[in-house]
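Each chain, letter by letter, is given below.
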Amino acid sequence: MEVLTFNNTPFGGICLDRKLVAGSWNLCHPKLSNGRKHKLMCARIDLRTGSLGFSQTDKFLLGFRKHGKCSPSVVTNQKFKNAGTRVSSGNYDSYVIGEEDVGKIAANDDSTTKVLIPGLPDVSNGDSVASISSCFWEWKPKFSVHYEKGGSENVKSPSVLFLPGFGVGSFHYEKQLKDLGRDYRVWAIDFLGQGLSLPVENPTMMSPDGNTSLEKDILWGFGDEAEPWASDLAYSIDLWQDQVRYFIEEVIGEPVYLVGNSLGGYVALYFAACNPQLVKGVTLLNATPFWGFLPNPTRSPRLARLFPWSGTFPLPESVRKLTDLLWQKIADPGSIADVLKQVYADHTTDVEKVFSRILEITQHPAAAAAFASIMFAPRGQLSFWEALSRCKMSDVPLCLMYGKEDPWVKPVWGLEVKKQVPEATYYEISPAGHCPHDEVPEVVNYLLRGWIRNLESRGLVALPLLDGDDDEESIRRIFARDLEFVRQGAKKLVKVQFYGSSFSLWSKLRSYIKSRFGKVATKSG
């Protein structure tokens, strides 16, 4: 099968057999013979619906070689030319497939290799699980950060830090802490203003002539003046990445593997861009590529002045009224249940514990004001894509695990990250939605464990789903695997599609030399 690369066409997940070669080919591929006529099918994804489609063209590829050189000219119909949609700052690569191969895509389910993986440890069957400790760390006066940890006895093992998404906390990684904590030192943190890292005191006070209504007494942060310790407080992405830095330096005490879901993915990437020396690798789980609605005052001072409030305390009167109206809807148990039903693709997943913990957070007296501060806090000083570029320049290893059925952060965003950083490892999981680590923790834990082992062994241990003797060409492939495991006595099957890493022997050698010299410099310092 021949695969050609075109720009400006978004590419969604296609389940292909092992003969497909991914991503970096162009029209100069030596297997394309001169003068051969090619009837094409363009595989593309509709960004509005997330559906996969094919555009047929009856035109032929012309001018593959002109005077002994390669020409990028391709004659196609207008529909094919307009198939692309530009997303964010970059273009996608799509794959043009010979018409005779289209049938193989639909038949791929029958030829997919099945891989048996471990289920989650079951105490009732005698399996051991890591014991989890719930702790608080006082970062600054009045700033108590909640976190959970496990695997403390694994003193010679790597440290892994999990960062949660918006509206949840460290409890969302319970299935990772209990399982991966058997092999690693594991941590999960609650961002300030979320989870159990909400303030223990009211950040505002009422002025002497203020309106002391019952509602304002119940809701913290709705006062007229900020307490001194909260005068500059805004729950922003810059605050969270700063929080992560101090936590790693003061609590963990060594570089970590960062794993972030949704908002936590953005913070993980942002932190790694600013502090690459403290990061051994980053795993993104359906990371949101955007955060913050208001301009950053450092980057856009004039524009920022148009917005008089930037999430600090006290909340303006107009924001208090708006927050009060919105919070009644957001904190309603029915609304929380609807959101969970939307973002979890597999509705057989037990979300009762997650539902209860989210509901508990919304009932904290500081939760409503914290929500308002988060929504009005300015954007970070680095955009997601700028952070990604910095991580690439710093050679921060990157792994992508995206739930295919996510209604919010569709896999197309993960594929854009893959396009910007071709050497990143990408796994697309189905069925799974916005929180694959909670929906299919068996799969995420298996892939994460294998990815860390691959990095720790300097590539001597193969990446998950690859054989140890795979050559560089096979590692570039796109292929699918059915991962089977046992959950509550029943077998469960999940499809994982692998998008290969594009790298050279020199890049691996350079990474190894850099790591070795980094260790020498650290010891000598």
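Model, not experiment: these values are computed from the prediction. Numbering of residues starts from 1 in each chain and follows the order in which that chain's sequence is written. Confidence filtering applies because this is a predicted model: local features only for residues at pLDDT of at least 70, side-chain atom pairs given and counted only at 80 or more, and all residues used for totals across whole chains, interfaces and linings. Processing note: side-chain calculations cover all non-hydrogen atoms of the structure and skip hydrogens and water entirely.

## Section: the sheet that holds strand β7 (residues 113–116)
Stage number 1. The strand order across the open sheet built from 11 strands is β7-β18-β19-β17-β16-β15-β14-β10-β11-β9-β8, with neighbouring strands paired in mixed fashion. On the outer flanks of this sheet lie β7 and β8 (132–140), each paired with one strand and no other. The average undirected angle you get between the axes of adjacent strands in this sheet is 25 degrees.
Stage number 2. When DSSP finds at least two bridges between two strands, those strands are taken to pair. A run of H or I in DSSP becomes a helix once it reaches four residues, and a run of E becomes a strand once it reaches two; helices and strands are each numbered from the N terminus. In this sheet, strand β19 (residues 490–499) lies alongside strand β18 (residues 478–487) in antiparallel orientation, the contact comprising 10 bridges. What sits directly across from A480, in β19, is Q497.
Stage number 3. Relative to the sheet, helix α16 (residues 441–456) contacts β7, β10 (159–163), β14 (256–261), β15 (279–285), β16 (398–403), β17 (425–430), β18 and β19, its axis offset from that of β15 by approximately 155 degrees. Note on geometry: axes are lines fitted to C-alpha atoms, helical ones only across the stretch in contact, with angles between N-to-C directions running from 0 to 180 degrees. Here a residue-residue contact requires only that any non-hydrogen atoms of the pair lie within 4.5 Å.

## Section: the confidence of the model for the protein
Stage number 1. What pLDDT expresses is the predictor's confidence in each residue, scored from 0 to 100. Put simply, the protein has an average pLDDT of 79, and 70% of its residues get 70 or more.
Stage number 2. Overall, residues 212–216 carries pLDDT values under 50, and its contacts beyond four positions in sequence, including any with other chains, amount to eight contacts.
Stage number 3. Below a pLDDT of 50 lies the segment residues 521–525, which in the model reaches zero contacts outside its immediate sequence neighbourhood of four places, other chains included.

## Structural notes on the pattern of salt bridges
Stage number 1. By salt bridge we mean one thing: a side-chain nitrogen of Lys or Arg within 4 Å of a carboxyl oxygen of Asp or Glu. Summed over all chains, the structure comprises 19 salt bridges.
Stage number 2. Where K175 meets D438, a salt bridge forms, and the shortest distance between an N and an O atom there is 3.0 Å. On the criterion of sequence distance, the pair formed by K175 in helix α4 (residues 174–180) and D438 in helix α15 (residues 436–439) is long-range, its members being 263 residues apart.
Stage number 3. Burial classes: relative accessible area under 20% of the type maximum marks a residue as buried, over 50% as exposed, and values in between as partly exposed (1.4 Å probe, protein chains only). For D438, a relative accessible area of 5% corresponds to the buried category.
Stage number 4. One network of salt bridges, in which partners are shared, links D179, R182, D183 and R449.

## Side note on helix α10 (residues 333–343)
Stage number 1. All of the buried residues along α10 are S335, I336, L340 and V343. One side of α10 carries all its buried residues, which in axial view fall inside an arc of 135 degrees. Turned more than 90 degrees off the buried face of α10, the exposed positions are D338 and K341.
Stage number 2. On its buried face, α10 sits against α9 (317–330), α11 (352–362) and α15.
Stage number 3. Taking the backbone nitrogen of G334 as reference, a side-chain oxygen 2.9 Å away marks D332 as the first, capping residue of α10. The arc in question is traced by the directions running from the helix axis to the C-beta atoms. Nitrogen and oxygen atoms within 3.5 Å of one another constitute a polar contact, given that in protein one can donate a hydrogen and the other can accept it, and given that sequence-neighbouring residues count only through two side-chain atoms.

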